[in-house]
Amino acid sequence: EKSWVRMVTAQTPTNIAVIKYWGKRDETLILPVNDSISVTLDPAHLCTTTTVAVSPSFDQDRMWLNGKEISLSGGRYQNCLREIRAQACDVEDEEKGIKIAKKDWENLHVHVASYNNFPTAAGLASSAAGFACLVFALAKLMNAKEDNSELSAIARQGSGSACRSLFGGFVKWIMGKAEDGSDSLAVQLVDEKHWDELVIIIAVVSSRQKETSSTTGMRDSVDTSLLLQHRAKEVVPKRIKQMEEAIKNRDFGSFAQLTCADSNQFHAVCLDTCPPIFYMNDTSHRIISCVEKWNRSEETPQVAYTFDAGPNAVLIAHNRKAATQLLQKLLFYFPPSSDADLNSYVIGDKSILK
Ligand code: PMV
């Protein structure tokens, strides 16, 4: 009776926001103070692979991250597990002779094994891919009927940015209005083929763990930054419209201008927070200067930069030619031998430069 195991494996790439999410209006449900837009990376790079298993012989939910067991007792894991269990349906696997009735799921436990194909300590968003993959894999395991937007509202309760990793291409997280968070979910703006000449390069400036978690940082910003309030009310709504237009028309000039401005405003909000938060360092600032100078010397911008809650640069080049020039400049200004901390991971192109 107790001998069977049902397993599902899923793979989810991480995403990088070009219009940032920063600030929650509800910390438990993870509801943001503004809409955000991101680009999902190529699944060959920076992605999470998660295998979920269910068996009547499992006596508790357990999870291993990169081979090490981690606790599932945190509220975010519990919320995701509870929400996805509520959507579980009948499962019939004739080949293996497994039959699970909807009501059985209440008493069944799951085991989760998750791996990141990039150094977890590199300070690159890993929770986004992680929670998206967990929710997606569990939905398949439990035969849940929800579409990806509905699943995104569950992944959101693990980590806000995770909701945007349920889709490829460019994705918008709609902040929603409902108090229960039911309309705070992700939608795909365009798929990954729409603008496939873009090349994304991540310059790993430091592999140190960030000092201020996004949870603490956002809480302090919401409590103390007037700039955050101005940004959420007056700036982002207009930018979201302009960004959607730029993406639709593949207008790289506008795209780059909006992406850079929004990254800079996010970091300005961090400085406007009490106590102030410093995510970028001198190397980050030098990369910004280098890109700004280059963009101004050309007729239209060639590269956009954006930085999340850490010093690593995400550089989006207009096309392969611009990406090649960018790498040449990065290697010239930041030769790997003289700056041991700088590695460039080339995304959207199989090579990894170290
Ligand atoms: O989802 P979190 O809590 O890891 O927050 C992500 C916040 C930023 O990466 C800085 C911005 C974003 O929209 O992804």
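As a starting point, this report considers the structure included with it. What you see is a predicted model; the values in this text were computed from it and never measured.

Here's the deal with the site of the ligand
Around the ligand sit 14 residues, and of these Tyr 21, Ser 159, Ser 161, Arg 164 and Ser 214 come closest. Between the ligand and Tyr 21, the relevant distance is 2.9 Å, taken from an oxygen atom to a main-chain nitrogen or oxygen of the residue. The contact in question runs from an oxygen atom of the ligand to an N or O atom on the side chain of Arg 164, over 2.7 Å. Within the complex, 92% of the 380 Å² of free accessible area of the ligand lies under protein. Two domains each donate at least three residues to the shell around the ligand, and these are domain 1 (6-190) and domain 2 (199-353).

Section: the sheet that holds strand 13 (residues 185-190)
Taken in spatial order, the 4 strands make up an open sheet running 2-5-12-13, and their pairing is antiparallel. Only two strands of the sheet have a single neighbouring strand rather than two, namely strand 2 (15-19) and strand 13. Sheet twist, expressed as the average angle between the axes of neighbouring strands with direction ignored, equals 35°.

Thoughts on the pattern of salt bridges
If you walk through the whole model with that rule in mind, you get 11 salt bridges. Two residues, Arg 82 and Glu 83, come together in a salt bridge whose shortest N-O distance is 3.3 Å. Looking at Arg 82, the relative accessible area reads 46%, which means it is partly exposed.

Structural notes on unusual backbone geometry
Residues Cys 274 and Pro 275 are joined by a peptide bond in cis, for which omega reads -5°. Structurally, Pro 275 is set in the loop between helix 6 (252-271) and helix 7 (282-297). The backbone phi angle of Asn 143 is positive, close to 55°, even though this residue is not glycine. Looking at the element boundaries, Asn 143 is found in the loop between helix 2 (127-141) and helix 3 (148-155). Unlike most non-glycine residues, Arg 250 shows phi in positive territory, near 50°. In this fold, Arg 250 is placed in the loop between helix 5 (226-248) and helix 6.

Conventions and cut-offs
- Residues numbered from 1 in each chain as written.
- Predicted model: local features only at pLDDT ≥ 70, side-chain atom pairs only at ≥ 80, totals over all residues.
- Heavy atoms only, no water.
- Near = heavy atom within 4 Å.
- Polar contact = N/O pair within 3.5 Å; in protein donor to acceptor, adjacent residues only side chain to side chain.
- Areas by Shrake-Rupley, 256 points an atom, 1.4 Å probe, with all protein chains shown as cover.
- Domains from an automatic or database assignment.
- Pairing = 2+ DSSP bridges.
- Helix = DSSP H or I, 4+ residues; strand = E, 2+ residues; numbered from the N terminus.
- Axes fitted to C-alpha atoms, helices over the stretch in contact; angles between N-to-C directions.
- Salt bridge = Lys/Arg side-chain N within 4 Å of Asp/Glu carboxyl O.
- Buried < 20%, exposed > 50% of the residue type's maximum accessible area, 1.4 Å probe, protein only.

No statement about biological role is implied by the geometric values presented.
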